[in-house]
Amino acid sequence: MPVWLEAAWWGLVGGAALVLGALVAWFVRIPAQAVSYVMAFGAGVLISALAFDLMDEAERTGGLPATAAGFVGGAIVYVLANAALSRRGARHRKRSRGRQPSESEVSGSGSAIAIGALLDGVPESVVLGLSLLGGGGVGVAVLAAVFISNVPEGLSSAAGMKQAGRGAGYVFGVWGGIAVASGVSALLGNLLLDGASPATVAVITAIAAGAILAMIADTMVPEAFERAGLATGLVTALGFLTAFAIERLS
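Residues numbered from 1 in each chain as written. Predicted model: local features only at pLDDT ≥ 70, side-chain atom pairs only at ≥ 80, totals over all residues. Heavy atoms only, no water.

Colleague: Sorry if this is basic, but what is going on with the overall build of the protein chain here?
Modeller: The helix and strand inventory of the protein chain stands at eight helices and zero strands. Ordered by position from N to C terminus, the α and β elements of the protein chain give α-α-α-α-α-α-α-α. Sorting the 250 residues of the protein chain into buried and exposed places 49% on the buried side. Counting contacts in the protein chain only where the partners sit at least 6 residues apart, residues at least 24 apart contribute 85% of the total. (Helix = DSSP H or I, 4+ residues; strand = E, 2+ residues; numbered from the N terminus. Buried < 20%, exposed > 50% of the residue type's maximum accessible area, 1.4 Å probe, protein only. Contact = heavy atoms within 4.5 Å.)

Colleague: So what exactly am I meant to see when it comes to helix α6 (residues 168-192) here?
Modeller: In an α-helix there are 3.6 residues to a turn, and that puts residues three or four apart on one side. For α6, which comprises 25 residues, the first-to-last C-alpha distance of 35 Å matches the rise-based estimate of 36 Å (1.5 Å per residue) to within 8%. Inspection of α6 places V171, V174, W175, I178, A179, S182, G183, S185, A186, L187, G189 and N190 among the buried residues, and these make up the whole buried set. (Expected span 1.5 Å × (residues − 1).)

Colleague: Mind showing me how you'd approach the UniProt feature "transmembrane region" (unreviewed entry) in the protein chain here?
Modeller: Cross-referencing UniProt, the feature "transmembrane region" (unreviewed entry) maps to residues 7-27, 34-52, 64-85, 128-148, 169-193, 199-216 and 228-246 in the present numbering. As a span, residues 228-246 carries 84% helix and 0% strand, and end to end its C-alpha atoms are 25 Å apart. (UniProt positions renumbered as here; feature names shortened; annotations may be inferred.)

Colleague: I would appreciate a short explanation of empty space enclosed by the protein in the present structure.
Modeller: Where empty space is left in the structure can be found by rolling a water-sized probe over the atoms. Scanning the entire structure with this criterion turns up three cavities of 30 Å³ or more. When its volume is computed, the second largest cavity comes out at roughly 60 Å³. Lining the second largest cavity we find L46, A49, L50, L54, E124, V127, V142, A145, V146 and I212. Ranked by the residues each element gives to the lining of the second largest cavity, the list is headed by helix α2 (residues 32-62), at four residues. Considering only residue class, the lining of the second largest cavity consists of nine nonpolar, no polar and one charged. (1 Å grid on protein atoms, 1.4 Å probe; cavity = no way out; pocket = protein on both sides within 12 Å on 5 of 7 lines; lining within 4 Å. Points joined across faces, edges and corners; volume = space filled by probe spheres on them. Nonpolar A, V, L, I, M, F, W, Y, C, P; charged D, E, K, R; others polar.)

Colleague: Before we go on, may I ask you to explain the packing of α2 against helix α7 (residues 198-228) in this structure?
Modeller: In a pair of packed helices, the angle between the axes and the distance between the axes together describe the arrangement. Two elements in contact, α2 and α7, have axes whose closest approach is 8 Å; the angle formed by their N-to-C orientations is 160 degrees. One element, α2, and the other, α7, form an angle in the roughly antiparallel class. Two packed elements cross with a definite hand, and for α2 against α7 that hand is left-handed. Considered class by class, the residues forming the contact of α2 with α7 number 24 nonpolar, six polar and two charged. (Axes fitted to C-alpha atoms, helices over the stretch in contact; angles between N-to-C directions. Parallel < 35°, antiparallel > 145°, perpendicular 65-115°, else oblique. Left-handed = near helix turned anticlockwise from the far one by under 90°.)

Colleague: Whenever I open this one, the confidence of the model for the protein chain confuses me. Can you help?
Modeller: Reading predicted coordinates in detail is not appropriate for stretches of low pLDDT. Averaged over all residues, the pLDDT of the protein chain equals 82, while 88% of them reach at least 70. When pLDDT is averaged over each element of the protein chain, helix α8 (residues 232-249) comes out on top at 90 and helix α4 (residues 109-130) at the bottom at 75. (pLDDT = per-residue confidence, 0-100.)

Here it is as structure tokens:
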């Protein structure tokens, strides 16, 4: 299988976890506190992956200055884009209970939420594509982190969409589209950076890491803390440890 096609496949697999979470939320009533615990666990998984797999690798191949610049740049771009979408109704797109606006409350919020979900998923997918550039296969720890964290993201957000009165066509259209876009993003990340210098790949990786960390702080942790409360820190730590163990054992 060509490497670019393999990248698309793994990006699609990571994105499919969002659809899986949405399916659970649509057909099963999950207690809000349980959703928060799973979200906190997913946040810890992602933090571990970006620290040990993304930033560490970026710094070793591209140097600290380039990595730091990319990391801060990725965070800034994400925060600015998220702020613009938040003003259009996408601020609480990962909230499962009573926060997402309906289309009648905020016109255009449906599109903003869909774009926001895409914004959240693209950096992770690009990283999956980049992990294949060395020819050693997909990064198992990164793939596990993306999949594990995407399930609660899809679950929580889809539950909020359903409560806001959005139909199944919208909900599964959004997450199915994001899954496909994840595959395309991984494919493009692999194709466009094939043959690029290690420093360039390092900067792109750091940009993605910065965007992911900003996403965790802006969207995942608030949803987790709202219901899990003081247990959020412990559950996040357990998620971090799980991903760390996967990274060391893979």
